[in-house]
Amino acid sequence: MSFFEITGRRRLSGSLAVHGAKNSVLPILAACILAPGECVIHNCPHLSDVSATLDILRGLGCAVHRDGNTVTVDASVVQRSAVPEQLMREMRSSVIFLGATLARMGEAQLSYPGGCELGPRPINLHLDALRKLGAQIREEDGVLYCCAPDGLHGCEVHLPFPSVGATENTMLAACGGSGTTTIVGAAREPEIEDLQMFLNALGAQVQGAGSNVITVQGAARLRPAEHTVMGDRIVAATYLSAAGAAGGEVELTGVCPEHLSTVLDVLEEAGCRLWYAKDMIHLCSDGRLQGVRAIRTAPYPGFPTDAQSVVMAALACGRGRTVFEENIFQSRYRHVSELARMGADIRLTGRTAVVQGADLHGADVCSTDLRGGAALVVAALAAEGVSRVGELHHIDRGYDHLELALSKLGAEIYRKNG
Ligand code: EPU
């Protein structure tokens, strides 16, 4: 079992390029199957979730090749419409293949994604939207069988909650349908704009991403395209939280500051000094963050749930009190008990966590989920002494060699086996 060994209280300084966004590259890779021919995707990070997605594409019959950060997907021939259960288990977000496979093949089969480390993850909104477009879906022994015998047809889809995955699945399916689909109540996350940009490069006609109404003119003839994935705003938030907590001066490139403005506002209020340009963020911190006004997670443009744990870790080793309210996922505080092993003072009541800044010390802790694991790394970088962070498979789902990136900034962090 591998773990990170981290010696805390080292100032972080230097410049880092932020890698491509996990939550952007996954739907974009799924979208490759819409266009017969070879798509070229740049800035593909080395993540286990990306590897699982590439395995799904291979399983469907695509030829996939990776050269550094560039992936080519040749979807000239798609032979299968079923995603193997083991790959569905490995990555819940493989549900995104439902819309894409349905659009290309007129049918799709995948196992029902169960709950995960963040609590129950229903897909009712995805299924309701696809049914509205004309899909017939039945569940048998945990497998979803979807088909569209009369084709998919454009219509108005109302999402009662701006689900990121349901918005993306509907966009992908609608590209393969006839007529115009209007998604009302769509999620507004920047990754959805990146997907729109790629779909339009394929020749689709999608408009409105970034707002809560997206329209898709279906049935366009799609052709392969080349695309560069946007920078990962949550990875950027993680590096910035680490530098804020440990102290230092870092410059991040390849990420749009506007995409994480709520996180930057919090770090500024906590005492960091920040400058930004078009795709650059510069942060300077003396390493003693102050408590800030209540942080409430919300769909974009609100404070991202994915950044809750890393910012909490940074504030837990500061001074003063901060109240967090997690409003997106039911169970996204599993890192709290691990942070407590390092001396963090965090009280949980339902969806609220009250953090009182404290001096943290090194400890042996376990990642509980992707962002929770990253939060433990942030805390360990700011804690006095040595920490060991285990269960790295969670972190490797969304961070491309996190230890190498942080070492570049001067952190003392090593991946070890034992
Ligand atoms: N929801 C439903 N029914 C549905 C779909 C969602 O009730 O059919 C609920 C979920 O249970 C959850 C909330 O709606 O409580 C938000 O879910 P959403 O569908 O927006 O999330 P997602 O598409 O499953 C993506 C990201 C997550 C990120 C969320 C919220 C990907 C691959 N994943 O998940 O990323 O937290 O949006 O922004 O894009 C992460 O990167 O660590 C991560 C978990």
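J.: What exactly am I supposed to notice about the site of the ligand here?
T.: Among the 24 residues in the neighbourhood of the ligand, the closest are listed as N124, L125, S163, D306 and I328. G165 has a polar backbone atom sitting 2.8 Å from an oxygen atom of the ligand. Residue R371 places a side-chain N or O atom 2.8 Å away from an oxygen atom belonging to the ligand. Its free accessible area being 830 Å², the ligand has 86% of it covered by the protein chains. Of all the secondary structure elements, the ones that give two or more residues to the shell around the ligand are α1 (22-31), α5 (124-132), α6 (164-175), α10 (305-316) and α12 (370-382). The element best represented in the shell around the ligand is α5, accounting for three residues. Residues belonging to the shell around the ligand are distributed by class as follows: ten nonpolar, seven polar and seven charged. Mapped onto the domain boundaries, the shell around the ligand takes at least three residues apiece from domain 1 (2-19 + 231-417) and domain 2 (22-228).

J.: Mind showing me how you'd approach the environment of L267 here?
T.: Relative to the assigned elements, L267 resides in helix α9 (residues 261-269). Counting along the chain gives 24 residues from L267 to G291, while the straight-line C-alpha distance between them is 9.9 Å. Apart from residues no more than four positions distant in its own chain, L267 is found in contact with L240, S241, C272, L274 and L283.

J.: Whenever I open this one, the environment of R273 confuses me. Can you help?
T.: For R273, the location among the structural elements is in strand β16 (residues 273-277). The spatial distance from the C-alpha of R273 to the C-alpha of L16 is 18 Å, given a sequence separation of 257 residues. Excluding residues that lie within four positions of it along the chain, R273 makes contacts with H282, L283 and C284.

J.: Where do I start with the pattern of salt bridges in this structure?
T.: Where charged atoms from two side chains of opposite charge approach closely, those side chains can pair. Under the definition given, this model contains 19 salt bridges. For the salt bridge of R296 with E325, the shortest nitrogen-to-oxygen distance reads 3.6 Å. Placement of R296 in strand β18 (residues 295-296) and of E325 in strand β19 (residues 321-325) is noted, with a sequence separation of 29 residues between them.

J.: When you look at α12 in this model, what are you seeing that I'm missing?
T.: With 13 residues, α12 ought to run about 18 Å at 1.5 Å a step, and its terminal C-alpha atoms sit 19 Å apart, in line with that. Within α12, 13 of the 13 residues are buried, leaving the element largely enclosed by the surrounding structure. The residue sitting at the N-terminus of α12 and contributing the capping side-chain oxygen is D369; that oxygen lies 3.3 Å from the backbone nitrogen of R371.

J.: It is not clear to me how the environment of N212 should be interpreted in this structure. Could you clarify?
T.: Topologically, N212 is positioned in the loop between β12 (205-207) and β13 (213-217). On a C-alpha basis, the gap between N212 and A21 in space is 21 Å, while along the polypeptide they are 191 residues apart. With sequence-adjacent residues up to four places away left out, N212 is seen in contact with I183, V184, G185, A186 and R188.

J.: Would you mind going over the packing of aromatic side chains with me for this structure?
T.: Centre distance and the angle of the planes are the two values used to describe a pair of aromatic rings. Inspection of the entire model under this criterion finds zero aromatic pairs. Stacked on the ring of Y145, the Lys or Arg R138 has its end atom at 4.6 Å from the ring centre.

J.: Looking at this structure, how should I read the pairing of strand β20 (residues 345-349)?
T.: For a regular strand, side chains alternate in direction, first toward one face of the sheet and then toward the other. Sheet topology note: the β20/strand β21 (residues 352-356) ladder contains five bridges and is antiparallel. Its bridge partner lying in β21, T349 is registered against T352. Between β20 and β21, which pair antiparallel and follow one another directly, the connecting turn spans two residues, one of which, G350, has a positive phi of 55°.

J.: Please clarify how the packing of helix α8 (residues 233-246) against α12 should be interpreted in this entry.
T.: Two measures define how a pair of helices packs: the angle their axes make with one another and the distance between the axes. Between α8 and α12, whose axes approach to 8 Å, the crossing angle comes to 25°. Between α8 and α12, the interaxial angle falls into the category roughly parallel. Crossing hand, α8 versus α12: right-handed. Where α8 abuts α12, its residues I234, T238, S241, A242, A245 and A246 lie against R371, A374, V378, L381 and A382. The residue makeup of the contact of α8 with α12, split by class, is eight nonpolar, two polar and one charged.

J.: Just to check I follow, could you spell out the sheet that holds strand β15 (residues 248-253) for this structure?
T.: Each strand in a sheet pairs with its neighbour through backbone hydrogen bonds, running either in the same direction (parallel) or in the opposite one (antiparallel). As summarised here, the arrangement of the four strands in space is β2-β15-β17-β16, forming an open sheet in which the pairing is mixed. This sheet does not close on itself; its edge strands, each paired only once, are β2 (12-17) and β16. Taken pair by pair, the neighbouring strands of this sheet meet at an average axis angle of 5°, ignoring direction. In terms of strand pairing, β16 meets strand β17 (residues 280-285) through five bridges, oriented antiparallel. The residue of β17 that forms the bridge with Y276 is I281. On the sheet, α9 packs against β16 and β17 and is oriented at approximately 150° with respect to β16.

What counts and what doesn't
- Residues numbered from 1 in each chain as written.
- Predicted model: local features only at pLDDT ≥ 70, side-chain atom pairs only at ≥ 80, totals over all residues.
- Heavy atoms only, no water.
- Near = heavy atom within 4 Å.
- Polar contact = N/O pair within 3.5 Å; in protein donor to acceptor, adjacent residues only side chain to side chain.
- Areas by Shrake-Rupley, 256 points an atom, 1.4 Å probe, with all protein chains shown as cover.
- Helix = DSSP H or I, 4+ residues; strand = E, 2+ residues; numbered from the N terminus.
- Nonpolar A, V, L, I, M, F, W, Y, C, P; charged D, E, K, R; others polar.
- Domains from an automatic or database assignment.
- Contact = heavy atoms within 4.5 Å.
- Salt bridge = Lys/Arg side-chain N within 4 Å of Asp/Glu carboxyl O.
- Expected span 1.5 Å × (residues − 1).
- Buried < 20%, exposed > 50% of the residue type's maximum accessible area, 1.4 Å probe, protein only.
- Phe/Tyr/Trp six-rings, centres within 6.5 Å; stacked < 30°, edge-to-face > 60°.
- Lys NZ or Arg CZ within 6 Å of the ring centre and 35° of its normal.
- Pairing = 2+ DSSP bridges.
- Axes fitted to C-alpha atoms, helices over the stretch in contact; angles between N-to-C directions.
- Parallel < 35°, antiparallel > 145°, perpendicular 65-115°, else oblique.
- Left-handed = near helix turned anticlockwise from the far one by under 90°.

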